[in-house]
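Observations on the model geometry
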Amino acid sequence: EEAVENSFEFEGIYLLTAPNMAGKSTFMRSMMVTALLANCGLAVPAKTAKIPRFDSYFLRATSHDVPAQGKSSFALEMDDLRIMLRDATPRSLLALDEIGKGTSSRDGATLCGALLEYLSAGNLTCVFATHLHEIIHLPLHAPRVKARQMAVHVAKREGNESA
């Protein structure tokens, strides 16, 4: 099958919304791997690429409760974010996936909004994926945030009427 082409600029903060299973996490991981390959001087899976030199990479994805440590998935998420925000520089690349998952929509959107404002003020480069569409309507002071939405298209295959 043919690969799905994506375009992306390594600049500013991308707020990526899409339905569940639309490929947000896959896109983010692909973007991180492409940047890392380029920064190592290796070939990248792209027709053309202009990738800045990053000094560090941070990826925050799903976690689960760790009862042995007495930590919920939310506590682990906050620990990871604390370390990222402490150590990230304007030359870092961050990918934050589904922050606030497991909270109410209102609480999660508020948390994500505050985080986007902080990232914007810190001049960081980030892809921020969320299913919390409420965040689009918050009155954020985050001029570096660019809202993007992924869509899913199902094409019919020849000889397969159910696709």
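Above: the structure in question.
For the structure given in this document, a descriptive report is provided here.

Sheet faces and side chains relate simply in a regular strand, where the side chains alternate between the two faces. Among the six residues of strand β4 (residues 125-130), six are classified as buried, and the element is accordingly described as predominantly covered. Of the two faces of β4, both are covered, the one formed by T125, V127 and A129 as well as the one formed by C126, F128 and T130. Pairing between strand β1 (residues 13-17) and β4: five bridges, direction parallel. Along β4, the bridge assignment pairs L15 with F128. Bridge analysis of strand β3 (residues 92-97) against β4 gives five bridges, and the strand direction is parallel. Looking at β4, one finds that L93 is bridged to T125.

A few words on helix α1 (residues 24-39). The end-to-end C-alpha separation of α1 is 23 Å, in line with the 22 Å expected for 16 residues at 1.5 Å each. Of all the residues in α1, the buried ones are K24, F27, M28, M31, M32, T34, A35 and N39. Projected onto a plane normal to the axis of α1, the buried residues spread over an arc of 160° and lie on a single side. Packed against the buried residues of α1 are β1, β2 (56-60), β3 and β4. Following α1 by one or two positions, G41 has its phi on the positive side, about 80°.

Bringing the state of the cysteines into the picture now. Among covalent bonds in proteins, the disulfide is the one between the sulfur atoms of two cysteines. The full count for this structure, using the stated rule, is zero disulfides. Considering cysteine sulfurs only, C126 is the nearest to C112, which forms no disulfide, with 10 Å between them.

Below, the discussion takes up the pairing of β2. Taking every second residue as pointing to the same face, the buried face of β2 carries S56, F58 and R60, while none of Y57 and L59 on the other face is buried. Between the parallel pair β2 and β3, the chain is carried across by helix α2 (residues 73-87), and the sense of this crossover is right-handed.

If you look at the biggest cluster of nonpolar residues, it comprises 18 residues, and the most contacted ones within it are L94, L96, I99, L115, L119, C126 and F128. Going through the elements one at a time, β1, α2, β3, α3 (105-121) and β4 are the ones with two or more residues in this core. Of the residues forming this core, the biggest block, four residues, is contributed by α3. Ranked by size, the runner-up nonpolar core spans 16 residues in total, among them F10, A22, F54 and V127.

Thresholds, definitions, all that
- Residues numbered from 1 in each chain as written.
- Predicted model: local features only at pLDDT ≥ 70, side-chain atom pairs only at ≥ 80, totals over all residues.
- Heavy atoms only, no water.
- Buried < 20%, exposed > 50% of the residue type's maximum accessible area, 1.4 Å probe, protein only.
- Helix = DSSP H or I, 4+ residues; strand = E, 2+ residues; numbered from the N terminus.
- Pairing = 2+ DSSP bridges.
- Expected span 1.5 Å × (residues − 1).
- Arc of directions from axis to C-beta.
- Contact = heavy atoms within 4.5 Å.
- Disulfide = S-S within 2.5 Å.
- Right-handed = clockwise from strand over helix to strand, strands pointing away.
- Core = buried A, V, L, I, M, F, W, Y, C linked by side-chain atoms within 4.5 Å.

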